[in-house]
Amino acid sequence: MSKLRLKVPRKNVVLIGHMGSGKSTIGRDLSKKLKIRFFDVDRQIEKEAKKKIIKIFAEDGEKVFRELEKKVTINLLDNNNTIIALGGGGFENNNVRKLILNNCVSIWLKCDLNILEKRCILTKKRPLLRNKDIKKELIKFDKIRKSNYSKAKITIDVSEKTKYQIIKEILNNL
Ligand code: S3P
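One structure accompanies this document, and this report is about it. Bear in mind that the values here come from a model prediction, so they are computed numbers and not experimental data.

### Some thoughts on the environment of K52
(1) Moving on: Inspection of the secondary structure assignment puts K52 in the loop between α2 (41-49) and α3 (53-60).
(2) Moving on: Relative accessible area serves as the criterion here: at 54%, K52 is assigned to the exposed category.
(3) Moving on: Counting along the chain gives 44 residues from K52 to V8, while the straight-line C-alpha distance between them is 32 Å.

Right, dumping it as structure tokens:
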């Protein structure tokens, strides 16, 4: 990675995209590379609620989760110079989306649905995909969410790319 051009943005860099697109993994690695802080909205929600996402959905419902998600995200956006990985549905909130589009460097990690399906099959931690036909759900979410995702300042097609290639492409675009 030593030959990569490092330009540290003063604005927050926010990673958006579907479940399984690599927001958390890429965000963490990117923050190490740029030596700036990294926040994963889902992990912050779990800290705040003192329970796992899957349990929040099961015990309190999606509505409560979305309220928490909005609150936690807006708090995180108050920082400067951080990398933030949103949850797959976080960008659907009008207030959150406006704040991000106006004040942050937004990056959509766009990924082929077949690749997302393979990744999402490997974990049972996602309440919206549990006991469901994963491909069908991903197609449904894609139809609903891609018009908002496509508003991001930068789009990186992450399908078939290594972490190194993705980070290099992001750094070249910052
Ligand atoms: C969700 C995505 C999840 C998590 C929650 C809801 C969604 O985050 O926030 O299960 O609505 O797409 P990841 O995108 O990190 O899996």
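More follows now that the structure is in view.
### Description of the packing of aromatic side chains
(1) Moving on: This model, assessed by the stated rule, comprises two aromatic pairs.
(2) Moving on: For the ring pair F57 and F65, a centre distance of 4.7 Å and an interplane angle of 40° mean the geometry is tilted.
(3) Moving on: A residue is classified by how much of its surface remains accessible, and F65, at 3% relative accessible area, is buried.
(4) Moving on: With a centroid separation of 5.8 Å and an interplanar angle of 35°, the aromatic rings of W108 and Y149 are classed as tilted. Taken together, the positions of W108 in strand β4 (residues 105-110) and Y149 in helix α7 (residues 134-149) put the pair 41 residues apart, joining distant regions of the chain.
(5) Moving on: Its relative accessible area of 8% is what places W108 among the buried residues.
(6) Moving on: The aromatic ring of F141 is capped on one face by K140, whose charged end is 5.1 Å from the ring centroid.

### So, the site of the ligand
(1) Moving on: The environment of the ligand is formed by 13 residues, the closest being K23, D42, R66, R126 and R145.
(2) Moving on: A distance of 2.7 Å separates an oxygen atom of the ligand from a polar atom in the side chain of K23.
(3) Moving on: Here R126 contributes a side-chain N or O atom positioned 2.6 Å from an oxygen atom of the ligand.
(4) Moving on: Burial of the ligand by the protein chains amounts to 95% of its free accessible area of 380 Å².
(5) Moving on: In this structure, the ligand is accommodated by the largest pocket.
(6) Moving on: Residue composition of the shell around the ligand, grouped by class: five nonpolar, three polar and five charged.

Calculation notes
- Residues numbered from 1 in each chain as written.
- Predicted model: local features only at pLDDT ≥ 70, side-chain atom pairs only at ≥ 80, totals over all residues.
- Heavy atoms only, no water.
- Helix = DSSP H or I, 4+ residues; strand = E, 2+ residues; numbered from the N terminus.
- Buried < 20%, exposed > 50% of the residue type's maximum accessible area, 1.4 Å probe, protein only.
- Phe/Tyr/Trp six-rings, centres within 6.5 Å; stacked < 30°, edge-to-face > 60°.
- Lys NZ or Arg CZ within 6 Å of the ring centre and 35° of its normal.
- Near = heavy atom within 4 Å.
- Polar contact = N/O pair within 3.5 Å; in protein donor to acceptor, adjacent residues only side chain to side chain.
- Areas by Shrake-Rupley, 256 points an atom, 1.4 Å probe, with all protein chains shown as cover.
- 1 Å grid on protein atoms, 1.4 Å probe; cavity = no way out; pocket = protein on both sides within 12 Å on 5 of 7 lines; lining within 4 Å.
- Sits in = over half its atoms within 2 Å of the grid points.
- Nonpolar A, V, L, I, M, F, W, Y, C, P; charged D, E, K, R; others polar.

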